[in-house]
Amino acid sequence: MEDIENIEEDEYGFSRNYFLAKELGGASKRSAHKLSDIHIVDEQELRETAIEMKHAKEISELMSDYKTMYSKWVFELRCGFGLLMYGFGSKKALIEDFASASLTEYSVMVINGYLPSVNLKQVLLALAELLSELLKCKRKSSGSFSKGQETFPSRSMDDILSFLHGPQSEDKDCFICVVVHNIDGPALRDPESQQTLARLASCSHIRMVASIDHVNAPLLWDKKMVHKQFNWLWHHVPTFAPYNVEGVFFPLVLAQGSTAQTAKTAAIVLQSLTPNAQNVFKILAEYQLSHPDEDGMPTDDLYSASRERFFVSSQVTLNSHLTEFKDHELVKTKRNSDGQECLNILLSSDALRQLLLDLNQ
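All figures in this text were calculated on a predicted structure; none of them were measured in a lab.

A.B. asks: Can you walk me through the overall build of the protein in this structure?
C.D. replies: Along its length, the protein carries 14 helices and 10 strands. When each of the 361 residues of the protein is scored for burial, the buried share is 40%. The contacts of the protein with a sequence gap of at least 6 include a subset with a gap of at least 24, amounting to 76%. Surface exposure of the protein reaches about 21,000 Å², of which carbon and sulfur atoms provide 53%.

A.B. asks: Sorry if this is basic, but what is going on with the packing of aromatic side chains here?
C.D. replies: The geometry of two aromatic rings is summed up by the distance between their centres and the angle between their planes. If you walk through the whole model with that rule in mind, you get 11 aromatic pairs. Ring centres of Tyr70 and Trp73 lie 5.6 Å apart, and the angle between their planes is 40°; on these two criteria the pair is classed as tilted. Separated by 3 residues within a single helix, Tyr70 and Trp73 lie in helix H4 (residues 70-78), roughly one turn from each other. A single burial state applies to Tyr70 and to Trp73, both of which are buried. Taken together through their ring pairs, the aromatic side chains of Tyr86, Trp221, Phe230, Trp232 and Trp234 make up a single cluster. The side chain of Arg207 reaches across the aromatic face of Phe175, ending 4.8 Å from its centre.

A.B. asks: Mind showing me how you'd approach the layout of surface pockets here?
C.D. replies: Taken as a whole, the largest pocket holds about 940 Å³ of empty space. Those elements that place two or more of their residues in the lining of the largest pocket are helix H5 (92-102), strand E3 (107-112), helix H6 (120-142), helix H13 (315-327) and strand E10 (341-345). With 9 residues, the top contributor of residues to the lining of the largest pocket is H13. By residue class, the composition of the lining of the largest pocket is 13 nonpolar, 11 polar and 7 charged.

A.B. asks: Any chance you could explain the sheet that holds strand E4 (residues 176-181) here in plain terms?
C.D. replies: An order of E3-E4-E5-E2-E6 is seen for the 5 strands of this open sheet, with the pairing classed as parallel. One side of each edge strand has no neighbouring strand; the edge strands of this open sheet are E3 and strand E6 (232-236). On average, each strand axis in the sheet is inclined to that of its neighbour by 20°, with strand direction left out of account. Sheet topology note: the E4/strand E5 (residues 206-211) ladder contains 5 bridges and is parallel. Its bridge partner being in E5, Cys177 is matched across the sheet by Arg207.

A.B. asks: I'm lost on the pairing of E4 in this one. Help?
C.D. replies: Remember that side chains alternate between the two faces of the sheet whenever the strand is regular. Extensive coverage of E4 is indicated by the burial of 6 of its 6 residues. The alternating pattern of E4 places Ile176, Val178 and Val180 and Cys177, Val179 and His181 on opposite faces, both of which are buried. Bridge analysis of E3 against E4 gives 6 bridges, and the strand direction is parallel. Considered in E4, the bridge of Met109 is made with Val178. After leaving E4, the chain enters helix H8 (residues 191-201) and then returns to the sheet as E5, a path that is right-handed.

A.B. asks: How should I be thinking about unusual backbone geometry in this particular structure?
C.D. replies: Backbone phi values are negative for most residues with the exception of glycine, while trans is the configuration of most peptide bonds. Positive phi values are uncommon outside glycine, yet Asn182 reaches one of about 60°. Owing to a relative accessible area of 8%, Asn182 belongs among the buried residues under this scheme. Although it is not a glycine, Phe240 adopts a positive phi angle of roughly 60°. For Phe240, the position within the fold is in the loop between E6 and strand E7 (255-256).

A.B. asks: Where do I start with the sheet that holds strand E9 (residues 331-335) in this structure?
C.D. replies: The strands that make up a sheet pair up through hydrogen bonds in the backbone, lying either parallel or antiparallel. The 3 strands are arranged E8-E10-E9 in an open sheet whose pairing can be described as antiparallel. With partners counted over all chains shown, the strands left at the sheet margins are strand E8 (297-298) and E9, one partner each. Here 5 bridges tie E9 to E10, and the two strands are oriented antiparallel to one another. Looking at the pairing, Arg335 lines up with Glu341 of E10. Sheet contacts for helix H11 (residues 275-290): E8, E9 and E10; angle to E10, the most-contacted strand, approximately 90°.

A.B. asks: I keep staring at the environment of Val123 and nothing clicks. Help me out?
C.D. replies: Its place among the elements puts Val123 in helix H6. Considering only alpha carbons, one finds Val123 and Met109, 14 residues apart in sequence, at a separation of 8.7 Å. If we skip the residues at most four places from it in the chain, Val123 touches Met109 and Ile111.

A.B. asks: Would you mind going over the nonpolar core with me for this structure?
C.D. replies: When a protein is soluble and globular, its nonpolar side chains tend to lie buried together. Membership of the largest hydrophobic core comes to 37 residues, with the highest contact counts inside it found for Leu127, Leu164, Ile183, Met208, Trp221, Phe230 and Trp232. Taken together, the elements giving at least two residues each to this core come down to E3, H6, helix H7 (157-165), E4, H8, E5 and helix H9 (223-229). The dominant element in this core, judged by the number of residues it contributes, is H6, at 9 residues. Excluding its chain neighbours within four sequence positions, the residues that come into contact with Leu127 are Met109, Leu164, Ile176, Val178, Leu200 and Ile206. Val280, Ala285, Met297 and Val331 belong to the second-largest nonpolar core, a separate cluster that totals 32 residues.

A.B. asks: Honestly, the confidence of the model for the protein in this entry has me stumped. Any pointers?
C.D. replies: Low pLDDT marks stretches whose predicted atomic positions should not be read closely. Across the protein, the average pLDDT comes to 79, with 75% of residues at or above 70. The model gives residues 24-36 a pLDDT under 50, and that stretch makes 1 contact with residues more than four places away or in other chains. Low pLDDT, under 50, characterises residues 251-258; the predicted model gives this stretch 18 contacts beyond four residues in sequence or across chains.

What counts, and where the lines are drawn
- Residues numbered from 1 in each chain as written.
- Predicted model: local features only at pLDDT ≥ 70, side-chain atom pairs only at ≥ 80, totals over all residues.
- Heavy atoms only, no water.
- Helix = DSSP H or I, 4+ residues; strand = E, 2+ residues; numbered from the N terminus.
- Buried < 20%, exposed > 50% of the residue type's maximum accessible area, 1.4 Å probe, protein only.
- Contact = heavy atoms within 4.5 Å.
- Areas by Shrake-Rupley, 256 points an atom, 1.4 Å probe, with all protein chains shown as cover.
- Phe/Tyr/Trp six-rings, centres within 6.5 Å; stacked < 30°, edge-to-face > 60°.
- Lys NZ or Arg CZ within 6 Å of the ring centre and 35° of its normal.
- 1 Å grid on protein atoms, 1.4 Å probe; cavity = no way out; pocket = protein on both sides within 12 Å on 5 of 7 lines; lining within 4 Å.
- Points joined across faces, edges and corners; volume = space filled by probe spheres on them.
- Nonpolar A, V, L, I, M, F, W, Y, C, P; charged D, E, K, R; others polar.
- Pairing = 2+ DSSP bridges.
- Axes fitted to C-alpha atoms, helices over the stretch in contact; angles between N-to-C directions.
- Right-handed = clockwise from strand over helix to strand, strands pointing away.
- Core = buried A, V, L, I, M, F, W, Y, C linked by side-chain atoms within 4.5 Å.
- pLDDT = per-residue confidence, 0-100.

What follows is the structure in structure tokens.
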């Protein structure tokens, strides 16, 4: 009983002292510091500090170990499984190295799920066109495919997916490999997008390799999607690599953007595109700097200038580059007073000049 009384007295004393301290603290002189006094560091400086690479030797050895798994991963794809890569660090470079080193015999399409906007219908259309060409080549070489299998009847999502599923082929290598960086990306997290991706992964002519980074990503799928449609084989492949490209679209806390940083961010995005796409962008940037009072560069003029310099061979090629620019939110379109469709880069003149300097280095 005495112990209990001592405990209660101690607790009472602690509580009394706590509130007394609060009262005294409230009466003390307030700090003169203001929120505006906080030093906001440059975003690029903060990124470089946050992603400083350490243990380079150990990471290189880890990557070498993963490369020994490439043949196993190809075998798993051929058996009809989907490969899901997870673990700390960006898996982008690892998956692309796997594709370029071990999937050279197959057609590969990449979906950058980390982009703020991803148009899955355009992806499905491109896959259907690619499969159509693949089936034509197979029919010519072996004569085992009928002409009816080569074309898809309409552009509805259901019809495209039905075409991609098609009849089961005896040739297990007749498939397109779809690489999805960050299948749990913000633009793909809604149920409709995940259902579309699951249906795509279950198509007989499709094999999927994807990466996830969000800890709750598995909650996006039910059992049917995991085991029947995606048919995942989970691979733990921590790379400890910085999210250089994936993180471009997410500003860091306590960081401020500057002209140099804005240009640097755009340069990182453009460097992930093809050289021809970069050259097309340069033409657009130079035009915008030399015509600051205009609504932008007419699309027809950009096509003519790009074709003259052999950066594009057709309007279709230019459109594919423009889609990349728009998906990365670098360019927007608007119509001028003459009704022409014009292209405008979403950067200030200073940032645009800095970007051209970065690209030309």
